[in-house]
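Okay, here's what each chain looks like letter by letter:
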Amino acid sequence: MANKPQIRTNSSAIMAMIADEDTITGFLLAGVGNVDLRRKTNYLIVDSKTTVKQIEEAFKEFTSREDIAIVLISQYVANMIRFLVDSYNKPIPAILEIPSKDHPYDPAHDSVLSRVKYLFSAESVAGDRR
């Protein structure tokens, strides 16, 4: 148990989002938006003018912030930075891929789902050996 990483608990953890304007707007209307004292937001609106570099920088910023517990990212945006999403392995903030209005969810590209499938297949193989 000593080797397990400690999960920090923060009573004021927030969600961050990287998605298209319609998805972000919906979550902002639900009260998810946040602007800190330095005028930094907890979301990035991705449109045709957004570069992959901007998406990468937002992902790195959101996954390194202490106040963020969950990062919601549209799956089509996650596909643009798939190498970063797949290489991310910390429990907090959790990365969740969500569908968007124009791009339906594809379970074949979901990194969390593929990890779960891998874990269950490894457990089933280990269970068969007992």
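Residues numbered from 1 in each chain as written. Predicted model: local features only at pLDDT ≥ 70, side-chain atom pairs only at ≥ 80, totals over all residues. Heavy atoms only, no water.

### Quick look at the pairing of strand 3 (residues 68–74)
So, point 1. By the criterion of burial, strand 3 is predominantly enclosed, with 5 of the 7 residues buried.
So, point 2. Of the strand pairs in this sheet, strand 1 (residues 14–19) and strand 3 are connected by 5 bridges, and their pairing is parallel. Each bridged residue has a counterpart across the sheet, and for Met17 the counterpart in strand 3 is Leu72.
So, point 3. Relative to strand 4 (residues 94–98), strand 3 runs parallel, the two sharing 5 bridges. Of the residues in strand 4, the one forming a bridge with Leu72 is Leu96. (Buried < 20%, exposed > 50% of the residue type's maximum accessible area, 1.4 Å probe, protein only. Helix = DSSP H or I, 4+ residues; strand = E, 2+ residues; numbered from the N terminus. Pairing = 2+ DSSP bridges.)

### Details of unusual backbone geometry
So, point 1. Here the residue pair Ile92 and Pro93 is connected by a cis peptide bond, since its omega of 0° sits within 30 degrees of zero.
So, point 2. Secondary-structure assignment places Pro93 in the loop between helix 4 (82–87) and strand 4.
So, point 3. The phi angle at Arg39 is positive, at roughly 70°, despite the residue not being glycine.
So, point 4. Looking at the secondary structure, you find Arg39 in the loop between helix 1 (21–29) and strand 2 (43–45).
So, point 5. Residue Arg39 is classed as exposed on the basis of its relative accessible area of 68%.

### Topic: a nonpolar patch on the surface
So, point 1. Together, Leu96, Val112, Val116 and Phe120 make up a nonpolar patch on the protein surface, roughly 320 Å² of accessible area in all.
So, point 2. Looking at the secondary structure, you find Val112 in helix 5 (residues 111–128).
So, point 3. Looking at Val112, the relative accessible area reads 34%, which means it is partly exposed. (Patch = residues over 30% accessible without salt bridge, like charges linked within 9 Å, V, L, I, M, F, W, Y side chains within 5 Å. Areas by Shrake-Rupley, 256 points an atom, 1.4 Å probe, with all protein chains shown as cover. Salt bridge = Lys/Arg side-chain N within 4 Å of Asp/Glu carboxyl O.)

### As for the layout of surface pockets
So, point 1. The volume enclosed by the largest pocket comes to roughly 210 Å³.
So, point 2. If you go around the largest pocket, the residues you meet are Val85, Tyr88, Lys90, Pro91, Ala94, Ile95, Leu96, Ser111, Val112, Arg115, Val116 and Leu119.
So, point 3. Counting residues per element, the ones that place at least two in the lining of the largest pocket are strand 4 and helix 5.
So, point 4. When its residues are assigned to classes, the lining of the largest pocket shows 9 nonpolar, 1 polar and 2 charged. (1 Å grid on protein atoms, 1.4 Å probe; cavity = no way out; pocket = protein on both sides within 12 Å on 5 of 7 lines; lining within 4 Å. Points joined across faces, edges and corners; volume = space filled by probe spheres on them. Nonpolar A, V, L, I, M, F, W, Y, C, P; charged D, E, K, R; others polar.)

### Focus on the confidence of the model for the chain
So, point 1. Residues at a pLDDT of 70 or more form 85% of the chain, whose mean pLDDT is 83.
So, point 2. The lowest-confidence element of the chain is helix 5, averaging 67 in pLDDT; the highest-confidence one is helix 2 (residues 52–64), averaging 96. (pLDDT = per-residue confidence, 0-100.)

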